[in-house]
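A look at the structure
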Amino acid sequence: MSVLTLADVYRARRRIEGRVCRTPLVESPSLSALARTPVYLKLETVQPTGSFKLRGATHAVARLADQGCKRVVTASTGNHGRAVAYAARTFGMETTVCMSSLVPDNKVEAVRALGARAHIVGNSQDDAEHEALRLTRDEGYAYVPPFDHIDVIAGQATLGVEILEALPDVANIVVPLSGGGLFAGVAFAAKQVSPKVRLTGVTMERGAAMHASLDAGRPVQVDEQATLADSLGGGIGLENRYTFAMTRDLIDALILLDEASIARGIVHAYRQERLVVEGAAAIGIAALLDRALPEQSLQRGPVVLIVTGANIDIDQHRRVIDAA
Ligand SMILES: *Cc1c(COP(=O)(O)O)cnc(C)c1O
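Residues numbered from 1 in each chain as written. Predicted model: local features only at pLDDT ≥ 70, side-chain atom pairs only at ≥ 80, totals over all residues. Heavy atoms only, no water.

What about the sheet that holds strand β1 (residues 25-27)?
Taking strand neighbours across the sheet as the criterion, the 6 strands line up as β1-β2-β10-β7-β8-β9 in an open arrangement whose pairing is mixed. The open sheet is flanked by β1 and β9 (253-257), the only strands paired with a single partner. Looking at each pair of strands side by side, their axes are set apart by 25° on average, direction ignored. Both strand β2 (residues 39-43) and strand β10 (residues 303-307) contribute to a ladder of 5 bridges, which runs parallel. What sits directly across from Leu43, in β10, is Val307. (Pairing = 2+ DSSP bridges. Helix = DSSP H or I, 4+ residues; strand = E, 2+ residues; numbered from the N terminus. Axes fitted to C-alpha atoms, helices over the stretch in contact; angles between N-to-C directions.)

Here it is, written out as structure tokens:
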């Protein structure tokens, strides 16, 4: 028995329609030539808040609005908080975003610019999450978690449905992996529609909590470290309810990349694809450039790389490009 059904995903899609973009799926000639199979980029960079997080956040917030909720709180490395703030405002709700001191300034400012309160606490995603849960307990806020919530997962899963509609013969989907809300949702929807699709998760070597947890066979904590893929930082929660088990059951391969490789992905996106992307979003491109996807997988057919977000600090982006 699954906690999610394909019907839930289609319902989520109807609920968020008109509030979230149906994003373009474009072929990359340079990556297709390299892989010797068609490679497509799913451009979540064009979402109004610059990342796919708007899907899950909008769906979760819509469900809370249906219940008469007026105030929401979340903890986030930036993109989720931004998405919740944007979505909540469209429903006339107030937002408080708890986030750690590791979150880059551009992301904090973006949250404030959306009319939300940015509440900076602690040095890790876990500290921020504890504070969000305290506000939920003591001050009557509704909590919108970044990944481990069935409404959030159903929202992210709409991406999987869109990919299969645009490219029914897709053989590989490559998904940046952190807490696993995106992976669980996309993998679930894609495999429901087309069971032969292969799902590859990609994450960074530095502080990948889901990877450590899959190795350990249960959710474990890892030390958070600075990385170009800062949107992939943070724990998966020791009390993880959904995304750990779903990721474990649906993942076909997991690739870990170092910082130099992630930088090459950002540079390739800029020079060859004319895209400004953040490290977390460049990681699929980086995996392909590194030839980390096995030849055997590529021979199965078309590849979709989910380009998850554009929210990189623009000075950091310039430094990465200049150093290349
Ligand atoms: C959150 C995020 C991810 C990872 O999503 P999870 O659901 O946490 O695995 C990937 N890329 C970007 C840009 C993100 O903001």
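Considerations on the packing of aromatic side chains
One pass over the full model with this rule turns up 0 aromatic pairs. Between Arg19 and the ring centre of Phe91, over which it is positioned, the NZ or CZ distance is 3.9 Å. Sitting over the face of the ring of Tyr141, Arg71 holds its NZ or CZ atom 4.1 Å from the ring centroid. (Phe/Tyr/Trp six-rings, centres within 6.5 Å; stacked < 30°, edge-to-face > 60°. Lys NZ or Arg CZ within 6 Å of the ring centre and 35° of its normal.)

Here we look at the site of the ligand
Near the ligand you find 16 residues, and of these Lys53, Asn79, Gly180, Leu182 and Thr308 are the closest. Between an oxygen atom of the ligand and a main-chain N or O atom of Gly180, the distance comes to 2.8 Å. Calculation on the ligand without its partners gives an accessible area of 380 Å², and the protein chains cover 98% of this total. A majority-of-atoms criterion places the ligand in the largest cavity. Taken together, the residues that form the shell around the ligand break down as 6 nonpolar, 8 polar and 2 charged. (Near = heavy atom within 4 Å. Polar contact = N/O pair within 3.5 Å; in protein donor to acceptor, adjacent residues only side chain to side chain. Areas by Shrake-Rupley, 256 points an atom, 1.4 Å probe, with all protein chains shown as cover. 1 Å grid on protein atoms, 1.4 Å probe; cavity = no way out; pocket = protein on both sides within 12 Å on 5 of 7 lines; lining within 4 Å. Sits in = over half its atoms within 2 Å of the grid points. Nonpolar A, V, L, I, M, F, W, Y, C, P; charged D, E, K, R; others polar.)

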